[in-house]
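# Summary of the model geometry
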Amino acid sequence: MNNKYIILAHIASIAVLTLAGCSTPPAHTANWYYYWKEGAVVADMDKVHYLWQDPPTTIGVSSPQKSTTEVGLSDDVLSSMTELSVVNKNNPSIQEEIIANTDGGIDVVATTIAHEFKHIWIYQQWGAVIGHTGIINGLKHTDGDAIPDSVEKDRTPGSIGATYEFAYNDADTLDLGSVGGWGDYSIYGDNELLARIEGVINPRSTTPASDWSVGGKNWGNH
Ligand SMILES: [Ca+2]
Ligand SMILES: [Ca+2]
């Protein structure tokens, strides 16, 4: 299986980061955030917390233990682009390619919101967070990627386990952690891959006609 997806941004999500700990942003910053939130230019923008960081250290975060209704985005959501190409360590026929697209803005935000809420969805299914092992909600977790052993071992056609052939004892079966600068994914790469793909194939809806932010879809048209 060789799946290719078009991605609009490098989504450097750190699922275990908290939303707290950011300094108060200067009043003049985040034109994009306020325009898109107040104008509902991207669906679920009302559930986005602005992560002010100088310089930004991540694009988006979710912290399911603290909130299942809010995710965070930083200014880096506007700029970072990359391509992801990974292969299952145990079955090289399983390959996932996520190809960068340089058209950023609301498209990147729509992808990133979907991505972060997929991390939360995983938490809601089984109740584990990154790094948790042992029995959680009656299901065994061996590798700490928040996906239970039974789900990773499942080879029923169409299941998560069958689609990616995840290993129950390897948190990063497709070796996302080997990609330059992404070493953190070695502890939850399987979880991250599900979120990456969700963001690409099922991004939040957008209303480009309402995007009057600086550099946005209608910038220069007024
Ligand atoms: Ca697991
Ligand atoms: Ca795994």
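Our subject is the structure that appears above.
Right, let's walk through the structure included here. Because the structure is predicted, anything quoted here is derived from the model rather than measured.

Now for the environment of Ala 195. Residue placement: Ala 195 occurs in helix α5 (residues 189-201). In this structure, the C-alpha to C-alpha distance between Ala 195 and Phe 117, residues 78 residues apart in sequence, is 7.9 Å.

To continue, consider the environment of Met 45. Positionally, Met 45 belongs in the loop between α1 (31-38) and β2 (48-51). Taking the number of C-beta atoms within 10 Å as the measure of exposure, Met 45 has 21 and is therefore buried. Not counting residues up to four positions away in its chain, the partners in contact with Met 45 are Trp 36, Lys 37 and Ala 40.

Locating Thr 111 in the fold gives a position in helix α2 (residues 106-126). A count of 29 C-beta atoms within 10 Å places Thr 111 in the buried class. Along the chain, Thr 111 and Ile 201 lie 90 residues apart, while their C-alpha atoms are 8.6 Å from each other.

Turning our eyes to something else, we now look at the sheet that holds β2. Strand order in this open sheet of three strands is β2-β4-β3, and the pairing throughout is mixed. Two strands bound the open sheet, and with one partner strand each, they are β2 and β3 (60-61). Both β2 and strand β4 (residues 71-74) contribute to a ladder of four bridges, which runs parallel. Pairing of Leu 51 across the sheet is with Ser 74, part of β4. Each of β2, β3 and β4 touches α2; the most contacted strand, β4, lies at about 145° to it.

Here β4 shows no split at all, with Val 71 and Leu 73 on one side and Gly 72 and Ser 74 on the other all buried. Taken together, the two bridges between β3 and β4 define a ladder with antiparallel strand orientation. The residue bridging Gly 60 from the neighbouring strand is Leu 73, located in β4.

Our next topic: the nonpolar core. With 23 residues, the main nonpolar core has Ile 122, Ala 146, Leu 176, Tyr 188, Leu 193 and Leu 194 as its most contacted residues. Secondary structure elements with two or more residues in this core: β5 (84-87), α2 and α5. In terms of residues, this core owes the most to one element, α5, which gives five residues. With residues near it in sequence (within four places) discarded, Ala 146 still touches Ile 122, Tyr 123, Trp 126, Ala 128, Val 129, Ile 130, His 132, Tyr 188 and Asn 191. Counting residues in each nonpolar core, the second largest holds 21 residues, with Trp 36, Met 45, Ile 59 and Val 109 among its members.

What counts, and where the lines are drawn
- Counting of residues starts from 1 at the beginning of each chain's written sequence and follows it residue by residue.
- Each chain takes a letter, starting from A, and each ligand takes a number, starting from 1, following the order in which they are written.
- For a predicted model such as this one, the threshold for reporting local features is a pLDDT of at least 70, and the threshold for listing and counting side-chain atom pairs is 80 or more; totals across whole chains, interfaces and linings nevertheless cover every residue.
- Secondary structure elements are defined from DSSP: runs of H or I of at least 4 residues count as helices, runs of E of at least 2 residues count as strands, and each element is numbered from the N terminus.
- Between the buried cut of 20 or more and the exposed cut of 12 or fewer other C-beta atoms within 10 Å of a residue's own C-beta lies the partly exposed class, and all C-beta atoms are placed from the backbone.
- Contact criterion: two residues are in contact if their C-beta atoms, reconstructed from the backbone, are within 7 Å.
- Note on pairing: two strands pair once DSSP finds at least 2 bridges between them.
- Every angle, taken between N-to-C directions, lies between 0 and 180 degrees, and every axis is a line fitted to C-alpha atoms, over only the stretch in contact when it is a helix.
- The nonpolar core criterion groups buried Ala, Val, Leu, Ile, Met, Phe, Trp, Tyr and Cys residues into a set whenever they are joined through C-beta atoms within 7 Å.

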